[in-house]
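Overview (structure and organization)
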Amino acid sequence: MPVFRSVARAKAAGQFDLIAGFVYTQITYLFAQTGLIGFLAGTARTHAEVTAFLELSPEASERILKAAGALKLSESPQEGLWILGETGAALSANEGAMAMIRHHALLYRDLADPLALMAQPGGNGSELSAFWTYASRGAGIEEGAAPYSELMRATQPMVWQQIIGQYPFDKHRRMLDIGGGSGAFAEAVGTATPDLELGIFDLPDVVPLAQERMAGTALAGRVSIHPGSFRTDPLPAGFDLITLIRIVHDHDDEPAQALLHACQQALPAGGRLLIVEPMAGTRGAEGMGEAYFGMYLWAMASGRPRTMAENMRMAEKAGFSAIKELKTPLPMIARALVATK
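Residue indices begin from 1 for each chain and proceed along its sequence in written order. Where local features are concerned, this predicted model is filtered to residues with pLDDT of at least 70; where side-chain atom pairs are given and counted, the filter is 80 or more; whole-chain, interface and lining totals use all residues. Remark: hydrogens and water are excluded; side-chain values derive from all non-hydrogen atoms of the structure.

Inspection of the secondary structure puts Leu-273 in strand S8 (residues 272-277). A 1.4 Å probe rolled over the protein chains alone gives each residue an accessible area, and that area as a share of the maximum for its type sets the label: buried under 20%, exposed over 50%, partly exposed in between. Among the residues examined, Leu-273 registers a relative accessible area of 0% and is labelled buried. For Leu-273 and Gly-35, which are 238 residues apart along the polypeptide, the C-alpha to C-alpha distance reads 41 Å. Any two residues whose heavy atoms approach within 4.5 Å are treated as being in contact. Not counting chain neighbours up to four residues away, the residues in contact with Leu-273 comprise Ile-242, Leu-244, Leu-260, Cys-263, Leu-267, Phe-320, Leu-337, Val-338 and Ala-339. Helix and strand labels come from DSSP, where a helix needs a run of H or I of at least four residues and a strand needs a run of E of at least two; each type is numbered from the N terminus.

Right under this line is the structure:
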């Protein structure tokens, strides 16, 4: 019957996507890693031009272009010409997505043997755990500060854009962003909230990037920089709002709970904690929560995906009250909760 046929076809397509998904991601990675996605942006290219750009045989470049065309990364408006397809054009304009695609080379290598990866306690020894030394060891990341902070600079806006305009930052006097990196979030909030004083707390190897970012800007006099690790150092006091933007799920339960407790201790009575990050159990994004972040954080050797309810229980255990969820435009990218001391 037609109604059952359509359901069967949809189920079959979903099954095949599970089987072929790795191939699709590798085609996407090739587009990003070679720069082909930028080469095709805005300009139609001939097959010969693409072949020369990739430094491959005509047959290989044609195979790549057609494979990408099937994924709407590229398309051929006429015989012999190629441009970006609908999906490719959207990706090329998304700096955060492009940064994650390139960064995923580490995750792909770690997942080459997923059983071997899972046999290691918390993914120790993986390439991702070496990259994210700041999380797995709680120590300075030295020469790793620049690539780590660049990745965060490119990808964090996808997360914090979900809270800008949704939370009344102007109700506060001073905001401390823990794990603030190069200060992109603090800069965005400070620009939108001109009377708010700002603080950034991050590892000693990272905070110079925030100092460099703020130097000579209109925000320089409103931003205080605080080097330290929440694992070993007390959090700065005197702030009535503390923000954790994609921080909690990067840490295992014990350090994450300790961080929330430290936030509660550092805040004055009536102060607030704002948590913004992807969360497990989000309707329509179940795979992103437990599957993607579950495996990614295991390979990173630190953290786990948590539901909104789990994060709320942790905030309550830390001594917060009046804990509630804030609606965000794209919950699959990030959800938010606010808790009051």
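Grouped together as the largest cluster of nonpolar side chains are 26 residues, with contacts concentrated most on Ile-178, Ile-242, Leu-244, Leu-260, Cys-263, Leu-273 and Phe-320. Ranked by the residues each element gives to this core, the list is headed by helix H13 (residues 253-266), at five residues. Residues within four places of Ile-242 in sequence aside, it is in contact with Leu-176, Ile-178, Cys-263, Ala-266, Leu-267, Arg-272, Leu-273 and Leu-274. Throughout, nonpolar core names a set of buried Ala, Val, Leu, Ile, Met, Phe, Trp, Tyr and Cys residues whose side chains join them through atoms within 4.5 Å. Trp-160, Leu-241, Val-276 and Ala-334 belong to the second-largest nonpolar core, a separate cluster that totals 25 residues.

Before going further, it helps to examine the sheet that holds strand S3 (residues 81-84). Two strands are said to pair when DSSP picks up at least two bridges between them. Taken together, three strands build an open sheet; the order of strands is S1-S3-S2 and the sheet is antiparallel. Sheet topology places strand S1 (45-46) and strand S2 (74-75) at the edges, where each strand pairs with a single neighbour. Of the strand pairs in this sheet, S1 and S3 are connected by two bridges, and their pairing is antiparallel. Paired with Thr-46 across the two strands is Leu-81, which belongs to S3.

Bridge count for strand S5 (residues 197-202) against strand S6 (residues 223-227) is five bridges, and the pairing is parallel. From the neighbouring strand, Ile-200 faces S6, where its bridge partner is Ile-225. With its strands directed away from the observer, a crossover is right-handed exactly when the path from the first strand over the helix to the second travels clockwise. Note on the crossover from S5 through helix H12 (residues 207-214) to S6: the handedness is right-handed.

Viewed as axis vectors pointing N to C, helix H1 (residues 2-34) and helix H4 (residues 58-70) meet at an angle of 115 degrees, and their least axial separation amounts to 10 Å. As H1 runs across H4, the sense of the crossing is left-handed. Taken together, the residues of H4 that come into contact with H1 (itself represented by Ile-27, Leu-30 and Phe-31) are Ile-64, Ala-67 and Ala-68. Any residue outside Ala, Val, Leu, Ile, Met, Phe, Trp, Tyr, Cys, Pro, Asp, Glu, Lys and Arg is labelled polar, Gly included; the first ten of those are nonpolar and the last four are charged. Across the contact of H1 with H4, the residue classes tally to six nonpolar, no polar and no charged. Interaxial angle, 0 to 180 degrees, is taken between N-to-C directions of lines fitted to C-alpha atoms, where a helix line uses only the stretch in contact. Here a crossing is called left-handed whenever its near helix is offset anticlockwise from the far helix by less than a right angle, and right-handed whenever the offset is clockwise.

What follows is about the sheet that holds S8. One open sheet holds the seven strands; their spatial order is S6-S5-S4-S7-S8-S10-S9, and the pairing between them is mixed. Each edge of the sheet is formed by a strand with only one pairing partner; in this case those strands are S6 and strand S9 (321-326). For this sheet, the mean inter-axis angle between neighbouring strands, taken without regard to orientation, is 20 degrees. Examined bridge by bridge, S9 and strand S10 (residues 335-340) share four bridges and lie antiparallel to one another. When the sheet's bridge partners are listed, Glu-325 is paired in S10 with Leu-337. Across the sheet, H12 lies against S5 and S6, angled at about 165 degrees from S6, the strand it touches most.

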